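For reference, the chains in residue letters:
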Amino acid sequence: KQDSVLRYALIELEYNKIGGRKMSGTIIRSDIEAEHIMPKSIDKWIPELKKIPELKDADENKIKKYQEQHLYKLGNITLVSPRANKEYSDKPFTIKKNGEEPDFIGYRDETIKITSNLNDETKWTDKEIDARQERFADKATKIWDLKLID
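Owing to the predicted nature of the structure, the values given are computational and were not obtained by experimental measurement.

What counts and how
- Within every chain, residues take consecutive numbers counted from 1 along the sequence as written.
- Local features in this predicted model are restricted to residues of pLDDT 70 or higher, and side-chain atom pairs are both shown and tallied only at a pLDDT of 80 or more, whereas totals for entire chains, interfaces and linings draw on every residue.
- Side-chain descriptors were evaluated using all non-hydrogen atoms of the structure, hydrogens and water having been removed beforehand.
- In DSSP terms, a helix is any run of H or I states spanning at least four residues, a strand is any run of E spanning at least two, and both are numbered starting from the N terminus.
- Under this definition, polar contacts are N or O atom pairs within 3.5 Å; protein pairs additionally need one hydrogen-donor-capable and one acceptor-capable atom, and for neighbouring residues in sequence, both atoms have to be side-chain atoms.
- Any two residues whose heavy atoms approach within 4.5 Å at even a single point are treated as in contact.
- By definition here, a helix of n residues has an expected span of 1.5 Å times n minus one.
- Only protein chains enter the accessibility calculation, which uses a 1.4 Å probe; a residue whose area is less than 20% of its type maximum is buried, one above 50% is exposed, and one in between is partly exposed.
- The distinction between a cavity and a pocket rests on a 1 Å grid over the protein atoms alone: a 1.4 Å probe fits inside a cavity but cannot get out, while a pocket stays open yet meets protein on both sides within 12 Å along at least five of seven lines, and a residue with an atom within 4 Å of a point counts as lining.
- Grid points are joined across faces, edges and corners, and a volume is the space filled by probe spheres set on the points.
- Residue polarity is assigned by list, with Asp, Glu, Lys and Arg as charged and Ala, Val, Leu, Ile, Met, Phe, Trp, Tyr, Cys and Pro as nonpolar; anything else, Gly included, falls into the polar class.
- For Phe, Tyr and Trp, where Trp contributes only its six-membered ring, two rings pair if their centres lie within 6.5 Å, and the inter-plane angle classes them as stacked under 30 degrees, edge-to-face over 60, or tilted in between.
- Arc definition: it is the arc formed by the directions from the helix axis to the C-beta atoms.

Peer 1: Would you mind showing me how to read the side chain of Lys 97 here?
Peer 2: Position of Lys 97 among the secondary structure elements: in helix α5 (residues 93-98). One polar contact links the side chain of Lys 97 to the main-chain carbonyl oxygen of Asn 119, over a distance of 3.4 Å. With sequence-adjacent residues up to four places away left out, Lys 97 is seen in contact with Gly 106, Tyr 107, Arg 108, Leu 118, Asn 119, Glu 121 and Thr 122.

So, in structure tokens, the structure goes:
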């Protein structure tokens with residue numbers, strides 16, 4: 001159920017980004033999936049996460065706690081096709097973003113704008129997740145006529 005709600009919110013954010021449902025000639029595929037950018041399985045991400053100053057000397061428990069704090073944030077989730085979701089899996093961010101041999105398909109190649117825009121990021125940490133989530137929250141207030149509480 002949580003994935004359905006996340007998927008719905010991300011689809012609406014995507015339609016907003018491309019001009020709204022009525023203005024868009026785009027129809028988002030019904031089989032589109034929610035993909036965790038920082039994945040549920042963190043092992044392949046440890047070298048990248050160790051580059052974050054606060055995690056440089058962190059043990060496995062501290063890294064796991066960091067992941068748990070950010071894993072299910074809307075800013076850490078994006079939309080991809082089922083095939084891409086399997087392909088990206090738990091790969092490091094730079095590979096998810098740029099792809100790898102032989103076809104080099106990555107986020108940069110996605111037709112979903114909220115996903116292809118991840119190409120603008122050089123790394124994926126709590127700061128990027130929170131900044132993306134803030135952008136989403138701002139758009140959400142317009143889509144659903146909400147008021148943010150500080």
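Text resumes after the structure shown.
Peer 1: How do you make sense of helix α7 (residues 126-143) when you look at a structure like this?
Peer 2: Structural remark: α-helix, 3.6 residues per turn; residues separated by three or four positions point the same way. Spanning 18 residues, α7 covers 25 Å between terminal C-alpha atoms, matching the ideal 26 Å at 1.5 Å per step. Those residues of α7 not exposed but buried are Asp 126, Glu 128, Ile 129, Arg 132, Phe 136, Ala 140 and Thr 141. A positive phi of about 50 degrees marks Asp 145, the residue just after α7.

Peer 1: Explanation requested: the layout of surface pockets in the structure shown.
Peer 2: Any space left empty among the atoms is revealed by the rolling of a water-sized probe across them. The computed volume of the largest pocket comes to approximately 330 Å³. As for the largest pocket, its lining consists of 19 residues, of which Ile 32, Ser 81, Glu 110, Thr 111 and Ile 112 are closest to the centre. The greatest single-element share of the lining of the largest pocket, amounting to three residues, is contributed by helix α4 (residues 82-88). A per-class count over the lining of the largest pocket returns eight nonpolar, three polar and eight charged. Within this model, the second largest pocket holds a volume of roughly 220 Å³. Every residue lining the second largest pocket is counted, 14 residues in all, and those nearest its centre are Glu 48, Lys 51, Ile 52, Lys 123 and Thr 125. Sorting the residues of the lining of the second largest pocket by element identifies α2 (46-49) and α7 as the ones contributing at least two each.

Peer 1: Would you explain unusual backbone geometry in this entry?
Peer 2: Glycine aside, residues mostly have negative phi angles, and peptide bonds mostly take the trans form. Backbone geometry at Ser 89 places phi at a positive 40 degrees, although glycine is not the residue there. Mapped onto the elements of the fold, Ser 89 is located in the loop between α4 and α5. Classification of Ser 89 by relative accessible area gives partly exposed; the value is 38%.

Peer 1: Would you explain the packing of aromatic side chains in this entry?
Peer 2: Each aromatic ring pair is specified by the distance between its two centres and by the angle formed by the two planes. Applying the stated criterion across every chain yields a total of four aromatic pairs. Ring plane angle 20 degrees and centroid distance 5.6 Å describe the contact between Phe 93 and Trp 124, whose orientation is recorded as stacked. Linking Phe 93 in helix α5 with Trp 124 in the loop between α6 (113-116) and α7, this pair joins segments that are 31 residues apart in sequence. No difference in accessibility class separates Phe 93 from Trp 124, as the two residues are buried. Three or more aromatic residues link up through ring pairs in this structure, and these residues are Tyr 88, Phe 93, Tyr 107 and Trp 124.

Peer 1: When you look at helix α3 (residues 60-70) in this model, what are you seeing that I'm missing?
Peer 2: Every buried residue of α3 is accounted for by Ile 63, Tyr 66, Gln 67 and His 70. An end-on view of α3 places all buried positions within 100 degrees of arc, on one side of the element. Away from its buried face, by an angle of more than 90 degrees, α3 presents the exposed residues Asn 61, Lys 65 and Glu 68. Packing partners of the buried residues in α3 comprise α2 and α7. Residue Asp 59 occupies the N-cap position of α3, its side-chain oxygen lying 3.2 Å from the main-chain nitrogen of Asn 61.

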